[in-house]
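A closer look at the structure
Each chain, written out:
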Number of protein chains: 2
Amino acid sequence: MLAEIITIGDEILIGQIVDSNSAFIAKQLNKIGVSVYQITSVQDDKNHILKALAEAEANADIIILTGGLGPTKDDITKKTLAHYFDDHLVEAVAVRKNIEHLWEHYIKRPLMQVNIDQALVPSKCSVLMNKLGSAPGMWMEKNDKIVIALPGVPYEMKALIDDEVIPKLRNRYQFPYIQHKTFLTYGLGESALAEHIETFENELPTFIKLAYLPSLGRVRLRLSAKGINRELIEKEMQIQTDLLLPQIKDIFTGFEEDGSIEDIVGKHLTEQGRTVATAESCTGGLIASRFTANAGASKYFKGSVVTYSKETKMQLLNIPEALIDAHSVVSIEVAEAMALNALKLFKTDFAISTTGNAGPTKDHTQEGLGDVYIAIANKDGVFSAKFSFGNSREKVINKAANKAFELLLKEILKK
Amino acid sequence: MLAEIITIGDEILIGQIVDSNSAFIAKQLNKIGVSVYQITSVQDDKNHILKALAEAEANADIIILTGGLGPTKDDITKKTLAHYFDDHLVEAVAVRKNIEHLWEHYIKRPLMQVNIDQALVPSKCSVLMNKLGSAPGMWMEKNDKIVIALPGVPYEMKALIDDEVIPKLRNRYQFPYIQHKTFLTYGLGESALAEHIETFENELPTFIKLAYLPSLGRVRLRLSAKGINRELIEKEMQIQTDLLLPQIKDIFTGFEEDGSIEDIVGKHLTEQGRTVATAESCTGGLIASRFTANAGASKYFKGSVVTYSKETKMQLLNIPEALIDAHSVVSIEVAEAMALNALKLFKTDFAISTTGNAGPTKDHTQEGLGDVYIAIANKDGVFSAKFSFGNSREKVINKAANKAFELLLKEILKK
């Protein structure tokens, strides 16, 4: 069973927004055993959309469109869909009621004709009710192919995929079974890792694929299996996992399917009933922000002090001025003092600190650019390390945050 | 002049990574007047890549491929490209030297055959030297079409686009002129806005398009013009801008081309020589993290206290326990006290605070879910407001951060 995703909108093609919808849809489809053959981003243009639909129909069984369902003139997906299915638009009573309800209870502004017109749908479609917004999802069928149109607003699209599209597809088809297992590794480059596990890779069964996904200081190793016999696939994936794990034990931090590294850290801290705080200079609150993106973070994350000047380091984290003057703000001594004092201030089991020179992006020549010190303190003391994360500000900040989570995870798992 | 972007990699089609490369490439191409006709994401599969190349050649003059240039077995772009151009791979001496240099000075591990093999390129290509990594960019030509292959690692790809691809394209062609102007607006929904400026939209000259880009509490309005006569386009865009601005003056916060709202805030603060700090509860450090993503933030951003528990609010921000008990942690009183105390603590001109209930994503029914109080303090006092940002944790956190920047910008511009 193959799907194709078509995202509609000039804003994607001029680079004004990053298309994150496709990744979400692809992930959800993959979970039920639908492979995505291709993702295509096209303009808000009737002929281009029609062409993409025809090409997708040749490759895929399920076509999911997103975008172009808003109330304004540049939103032409619905009319184009009616044309493609040789259909016309009619008012969907339930959708109109939903729109009236939304306007009365949440928008609290006069309901305009353009909003009411969002209740118009092709007469042949089944409506997928969008409770979070005024643009309904639409499910249409032709020649055994399914075409689904969803709004481009990410949280509306996500709710429709989870609550409507996936359950309907499951009802309709018997899917093959797909299993992915993604090993998160830190500390060894892609090619060194590939050489290290070359024999393992060569001896994989043909229905299991291995992929390397390097990004910002880590490599994700993904095993993917697909087939009819779920039991066989699960058994073989377990065998291969058991073969691979001992070979990468020094660099393995967890499975991506268990969540991001901050999810994994959060899970362990919750289980252990332990807590953490951060004192951030060069990461500027990113570590705190990643911790708190998780629901349930308040169980283990107590807070952070972001100190972006010498004075705030002195005043908020009680770092002695003499220590800063003797070693500079970016030093192992200041990093360790920050972590130790954050531990006291927040009364946590662990504290992470970062101090470094993320630098301006433009100047690639500056001395010490990209140098970051990371320290972790707990009741037994503090340890720290120096890293060099290169010459791009974005990269330095993100690599430093990744490394901080990696060091913390190792520390948490020690006992 | 039309381009097509083809991103290669199973990791995109199974939703494991979001393709942010395409948006960057599209933006840079648009700046020089190359429109992107389509973005296509395909599998690590020779036949699929060949098919996408042939289709792209029919639509576009310039085809940019990213991904699949790594040292491992699933990276097949280079061989596929050689096949497409009826070519074979040869060693590029300069690339090999660059690889040896990188390994000697940065990687500091033994150089392996798979790394040396990255110096192999199609014999007909011009090498685009990748100083930041081992996979070179490649520039090939056939039937007046240009095919460019770039590594998928974002910072390597970005450097090659800026330093090699764009200058080479500029040298080669005379481009039409494209101008985009994007008005950032906050506080009015897409359809209300569309109705409000309907006359303006209807009277636009045909070579200027208007698009609405709504996201998380704001709507971006984009005017796009394209043509041969640069002077005429710039003049007409200015006329339309002058017509539009008075109609949206209450909701307009700046032009996207001047940067994100945090860039605009940062620019004004720098110009005014004023400073800011944050005291964050529900936004968990996101506001600080967005401030500090900008090079030069240390000029105006002093720091943040992220308090994720009642105790830390009391201890770090000196919020009286009685105040919290009387009004609850999520209240106007606590928000205002947080902002006022952060102002004192960091000795800044402005302080922003947030406290709210971002909630768990799963439970959509909880009382008060999505409620956020935001306060801004300065030497004249403090003001605050309550917002309801819905029932998705991610949305609540991001809308709260956007709203905080919006309120701060209005405050900054008052004097």
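Residues numbered from 1 in each chain as written. Chains lettered and ligands numbered in written order. Predicted model: local features only at pLDDT ≥ 70, side-chain atom pairs only at ≥ 80, totals over all residues. Heavy atoms only, no water.

Considerations on helix H11 (residues 261-272) of chain B
Residue and element names in this part refer to chain B. For H11, built from 12 residues, the straight-helix expectation of 16 Å at 1.5 Å per residue is met to within 8% by its first-to-last C-alpha distance of 16 Å. Those residues of H11 lying buried are Ile261, Glu262, Ile264, Val265, Gly266, His268 and Leu269. Considering only its buried residues, H11 is in contact with strand S9 (177-186), strand S12 (252-255), strand S13 (276-280), helix H12 (286-292), strand S15 (350-356) and helix H16 (393-412). One or two steps after H11, the chain reaches Gly273, where phi turns positive at roughly 65°. (Helix = DSSP H or I, 4+ residues; strand = E, 2+ residues; numbered from the N terminus. Expected span 1.5 Å × (residues − 1). Buried < 20%, exposed > 50% of the residue type's maximum accessible area, 1.4 Å probe, protein only. Contact = heavy atoms within 4.5 Å.)

Focus on the pattern of salt bridges
Inspection of the entire model under this criterion finds 31 salt bridges over all chains. In this structure, the salt-bridge partner of Arg172 of chain A is Glu141 of chain A, at a minimum N-O distance of 2.6 Å. Of this pair, Arg172 of chain A sits in helix H7 (residues 154-172) while Glu141 of chain A sits in strand S7 (residues 137-142), placing them 31 residues apart in sequence. Residue classification places Arg172 of chain A among the partly exposed positions, given a relative accessible area of 36%. With a shortest N-O distance of 3.1 Å, Glu411 of chain B and Lys414 of chain B are connected by a salt bridge. The class for Glu411 of chain B is buried, based on a relative accessible area of 9%. Here the salt bridges do not stand alone but share partners, grouping Glu91, Arg96 and Glu100 of chain A into one network. (Salt bridge = Lys/Arg side-chain N within 4 Å of Asp/Glu carboxyl O.)

Description of the sheet that holds strand S10 (residues 208-215) of chain A
Residue and element names in this part refer to chain A. Taken together, the four strands give an open sheet; going across it, the order is S10-S11-S9-S12, and neighbouring strands pair in antiparallel fashion. The two strands at the open ends of the sheet, each matched to only one other strand, are S10 and strand S12 (252-255). With strand direction ignored, the average angle separating the axes of adjacent strands in the sheet is 20°. Bridge count for strand S9 (residues 177-186) against S12 is three bridges, and the pairing is antiparallel. In the strand pairing of S12, Phe183 is matched with Phe255. Contacting S9 and S12, helix H11 (residues 261-272) crosses the sheet at an angle of about 90° to S12. (Pairing = 2+ DSSP bridges. Axes fitted to C-alpha atoms, helices over the stretch in contact; angles between N-to-C directions.)

Things to note about empty space enclosed by the protein
Enumeration over the complete set of coordinates arrives at two cavities of 30 Å³ or more. In this model, the largest cavity occupies a volume close to 140 Å³. At the level of elements, helix H2 (21-31) and strand S2 (35-42) of chain A together with helix H2 (21-31) and strand S2 (35-42) of chain B are the ones that each hand at least two residues to the lining of the largest cavity. If one sorts the elements of the lining of the largest cavity by residue count, S2 of chain A sits on top with three residues. A volume near 40 Å³ is recorded for the second largest cavity. In this structure, the second largest cavity is lined by Lys51 and Glu55 of chain A together with Glu4, Gln38, Thr40, Ala52, Glu55 and Asn59 of chain B. Going through the elements one at a time, helix H3 (46-59) of chain A together with S2 and helix H3 (46-59) of chain B are the ones with two or more residues in the lining of the second largest cavity. If one sorts the elements of the lining of the second largest cavity by residue count, H3 of chain B sits on top with three residues. Residues that form the lining of the second largest cavity fall into these classes: one nonpolar, three polar and four charged. (1 Å grid on protein atoms, 1.4 Å probe; cavity = no way out; pocket = protein on both sides within 12 Å on 5 of 7 lines; lining within 4 Å. Points joined across faces, edges and corners; volume = space filled by probe spheres on them. Nonpolar A, V, L, I, M, F, W, Y, C, P; charged D, E, K, R; others polar.)

Structural notes on the UniProt feature "domain: MoaB/Mog" (unreviewed entry) in chain A
Here, UniProt's "domain: MoaB/Mog" (unreviewed entry) annotation points to residues 4-172 of chain A. With 44% helix and 23% strand, residues 4-172 of chain A has its two end C-alpha atoms placed 18 Å apart. (UniProt positions renumbered as here; feature names shortened; annotations may be inferred.)

Details of the sheet that holds S12 of chain B
Residue and element names in this part refer to chain B. On the basis of which strands lie adjacent, the open sheet formed by four strands has the order S10-S11-S9-S12 and antiparallel pairing. Whereas interior strands pair on both sides, the edge strands pair on one side only; in this sheet they are strand S10 (208-215) and S12. For this sheet, the mean inter-axis angle between neighbouring strands, taken without regard to orientation, is 20°. Contacts between H11 and the sheet are confined to S9 and S12, with S12 contributing the most and set at about 90° to the helix.

Brief notes about the pairing of strand S7 (residues 137-142) of chain B
Residue and element names in this part refer to chain B. Strand direction decides the pairing type here: strand S6 (residues 126-128) and S7, joined by three bridges, are antiparallel. Paired with Leu128 across the strands is Gly137, a residue of S7. Bridge count for S7 against strand S8 (residues 145-150) is five bridges, and the pairing is antiparallel. Opposite Trp139, over in S8, you have Ile148 as the bridge partner. The hairpin formed by S7 and S8 contains two residues between the paired strands, and Asn143 there has a positive phi angle of roughly 50°.

Focus: the relation of the copies chain B and chain A
For these two chains of identical sequence, chain B goes onto chain A by a turn of 180° and a shift of 0.0 Å along the axis, with RMSD 0.1 Å. Taken together, the rotation and translation describe the operation of a two-fold axis. Of the residues that chain B buries at the interface, 100% are likewise interface residues in chain A, meaning the two copies contact each other through the same surface. (Least-squares fit on C-alpha atoms with pLDDT ≥ 70 in both.)

Topic: the environment of Pro151 of chain A
Residue and element names in this part refer to chain A. Inspection of the secondary structure puts Pro151 in the loop between strand S8 (145-150) and H7. Considering only alpha carbons, one finds Pro151 and Gln174, 23 residues apart in sequence, at a separation of 27 Å. Pro151 has contacts with Thr66, Gly67, Leu69, Asn130, Ala135, Pro136, Glu156, Met157 and Leu160, leaving out every residue within four places of it along the chain.

Section: the interface of chain B and chain A
Listed per partner, the contact involves 96 residues of chain B and 96 residues of chain A. Between chain B and chain A, roughly 7300 Å² of surface is buried when both sides are summed, and carbon and sulfur atoms account for 52% of that area. Counting the contacts that link chain B with chain A gives four salt bridges. A salt bridge links Glu394 of chain A to Lys158 of chain B; the shortest N-O distance between them is 3.5 Å. At the junction of chain B and chain A, the tally comes to 41 residue pairs in polar contact (both at pLDDT 80 or more). Classifying every residue of the side of chain B that touches chain A by side-chain character gives 38 nonpolar, 35 polar and 23 charged. Two elements, strand S14 (residues 301-307) of chain A and strand S14 (residues 301-307) of chain B, share five bridges in a ladder whose sense is antiparallel. The residue of S14 of chain B that forms the bridge with Thr307 of chain A is Gly303 of chain B. (Buried area = accessible area lost by both parts, 1.4 Å probe. Polar contact = N/O pair within 3.5 Å; in protein donor to acceptor, adjacent residues only side chain to side chain.)

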